[in-house]
Amino acid sequence: MVQLVGSLRKELSDTLSTCKVLVVGAGGIGCELLKNLVLTGFKQIEVIDLDTIDVSNLNRQFLFQKKHVGKSKAQVAKESVLQFCPTVNITAYHDSIMNPEYNVEFFRKFMLVMNALDNRAARNHVNRMCLAADIPLIESGTAGYLGQVTVIKKGMTECYECQPKPTQKTFPGCTIRNTPSEPIHCIVWAKYLFNQLFGEEDADQEVSPDTADPEASWNPEDTAARATASEMDGDIKRVSTKEWARSTGYDAVKLFNKLFKDDIKYLLTMDKLWKTRKAPTPLDWQQLKNSACPREVSVGSGLKDQQVLGVWGLCQLFQHSVETLRSQLKEKGEAAELVWDKDDPPAMDFVTAAANLRMHIFSMNTKSRFDVKSMAGNIIPAIATTNAVIAGLIVLEGLKILSGELESCRTIFLNKCPSLRKKLLVPCILDPPSANCYVCASKPEVTVKLDVHKTTVLSLQDRILKERFGMVAPDVQIEDGKGTILISSEEGETETNNSKFLADFGIRNGSRLQVDDFLQDYTLLVNVLHTEELQKDVEFEVVGEAPDKAPPPQTNQEEVNSITNGNKDSAQPSTSSKAPAEDDDVMIVDSEEEEEEEGASSSTAPTSTKRKHPDAETGETSTKRPRMDQSSAAAADNDDDDVIALD
């Protein structure tokens, strides 16, 4: 007779009380997941999250209260969960999972890793760490009413990066307001700003730092006092940007100094935000005017959609667009509102100028008007019940793994509308690893098409290796028979190479680069395909998922074995799951009958016609099994705030 402890078999219950699990992310999904874990019987839990609690989190991240605003999500989540079960041993880290101290050995102490992230970079990183440590990973994501949970195991299933993914196109809303790290964050912020100044105000689209936010001061006593004051007032007071702008008569210079100088200086007082990030640099209108180059003075002189303006040119464009929009408001009468339209020149000019100025402040490369226009989009709200359903499914898949029933694990999709069999939850058989994956294949390699006479070493490092292939600290060696070190992760060793072109080091068509990221225990062989025929503004292209092989290298078998990821003797493809945010691949499935038919056929041959619903965070599509799509909504991981989906 089976002995039960609660609803679980005694053997499984005993396993839960001793096994260590890692939860990466303590936001929307993370809060629900931590609660589920302790109530299920898990006793050894570690949770890591870099973020702090924002007021906008309180409507769904139920482990947090108003008094916690400004505090560490991981730490507060731990304290709140302990109230459910005080005997649980929980360790909280207020840190980035990409910190070098969380290395392969750190991951190996866990029996299971559960992702509740909100950005691709972190997902890629956790994917590779679980690959190197050979630890099962449960990946998840939500976007609106859509959600997904999948299991990733080295050598048995696809890893997060097995399928090609286009450029990331959706991001957590909380990032937009305080810590933008990509141009798209600034573009969405500029759209918010347009609505705050000229359109319909939305409290969820505030653009200025909250002056009552305790995060502004990292003095615990001050934090407590501010929280208490907020309780007494009934709520945290917010300054109306539109009301303030009207009081100035929409003075462009005053608006500029508030948005790009005063607000940025206030952000700098939140010192903990900048311990692991590069701090922003405030701008001052008068200083920029005094130091402006003559060619940047006139907004109308040769301005084209494809041109990228200098800082003073952006200031002039900002001023001109504000004045034009102010006139439009005046013509419409008192209490009038404008609606942002990407095809409306003044509105587009305003967003272009404001977004690019913010990019400059946060040390990003600015964009042309054409690029800004192409990235405009809509908001997908976070739904608390979706997070709850997905968190429950994560635990169920975890119980299968810990019961030794990995073969029964499934990718499960939560749909907005019922399938033809009136099902909202649709399971799919896990796909095997892709032989052409540049992460989990036994000998990962890719072919990159670029112009060796125009591509700098710095561009190779930042744009290709870090941004495109998700590496953290790459080391690059040229396979030229000399072992030339092109890039070193050790500070100062190869910085003099950064401004030089690849051709300066003898790199040409057919050259091969061995790239190692020791933190991720990851090695990639890059075949260089020289071309001078790339499209305008395109720096490089990755040639398919299966690389077009460059001329074979002069190497022996030992060298081939040395580029196998994870254990050097690993001959099996390895997997893991991608690290940010959030924001997983979500696929809409209409019918379970299709899944059953395909499950039967997949045992003899893998399916080749695949289609996946767009990723909510990235707007991307990757592959799974052929399905009929009923809805075109995007899907993403909602660790934190609202997710911004871009058309």
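See the structure above.
Residues numbered from 1 in each chain as written. Predicted model: local features only at pLDDT ≥ 70, side-chain atom pairs only at ≥ 80, totals over all residues. Heavy atoms only, no water.

**Thoughts on helix 1 (residues 10-18)**
At step 1: For helix 1, the set of buried residues is Leu-12, Ser-13 and Leu-16. Looking down the long axis of helix 1, one finds its buried residues gathered within 100° of arc, a one-sided arrangement. Opposite its buried face, helix 1 presents the exposed residues Glu-11 and Thr-18, each directed more than 90 degrees away. (Buried < 20%, exposed > 50% of the residue type's maximum accessible area, 1.4 Å probe, protein only. Helix = DSSP H or I, 4+ residues; strand = E, 2+ residues; numbered from the N terminus. Arc of directions from axis to C-beta.)

**Describing the packing of helix 7 (residues 183-198) against helix 12 (residues 311-332)**
At step 1: Between helix 7 and helix 12, the least distance of the axes is 11 Å, while the angle of their chain directions is 40°. Judged by the angle between their axes, helix 7 and helix 12 are oblique. Helix-helix and strand crossings are classified by hand; for helix 7 and helix 12 the assignment is right-handed. From helix 7, Phe-194, Leu-197 and Phe-198 reach across to helix 12, where they touch Val-322, Leu-325, Arg-326 and Leu-329.
At step 2: Considering only residue class, the contact of helix 7 with helix 12 consists of six nonpolar, no polar and one charged. (Axes fitted to C-alpha atoms, helices over the stretch in contact; angles between N-to-C directions. Parallel < 35°, antiparallel > 145°, perpendicular 65-115°, else oblique. Left-handed = near helix turned anticlockwise from the far one by under 90°. Contact = heavy atoms within 4.5 Å. Nonpolar A, V, L, I, M, F, W, Y, C, P; charged D, E, K, R; others polar.)

**What to know about the sheet that holds strand 18 (residues 540-542)**
At step 1: If you trace the six strands from one edge of the open sheet to the other, you get 15-14-16-17-13-18, paired in mixed fashion. Looking at which strands have only one partner, the edges of the open sheet turn out to be strand 15 (484-487) and strand 18. The average angle at which neighbouring strand axes cross in this sheet is 30°, direction not considered.
At step 2: Here strand 16 (residues 512-517) pairs with strand 17 (residues 522-530) via six bridges, running antiparallel. The residue of strand 17 that forms the bridge with Arg-512 is Asn-527.
At step 3: Sitting on the sheet, helix 16 (residues 457-468) touches strand 13 (445-450), strand 14 (475-478), strand 15, strand 16 and strand 18, and the angle it makes with strand 15 is about 70°. (Pairing = 2+ DSSP bridges.)

**Concerning a negative patch on the surface**
At step 1: A contiguous patch of negative charge, built from Glu-200, Glu-201, Asp-202, Glu-243 and Glu-337, is present on the exposed surface.
At step 2: One can find Glu-337 in the loop between helix 12 and helix 13 (345-361). (Patch = residues over 30% accessible without salt bridge, like charges linked within 9 Å, V, L, I, M, F, W, Y side chains within 5 Å. Areas by Shrake-Rupley, 256 points an atom, 1.4 Å probe, with all protein chains shown as cover. Salt bridge = Lys/Arg side-chain N within 4 Å of Asp/Glu carboxyl O. Lys, Arg positive; Asp, Glu negative; His and termini not counted. Charge placed at Lys NZ, Arg CZ, Asp CG, Glu CD.)

The values reported here are purely geometric and, on their own, carry no functional implication.
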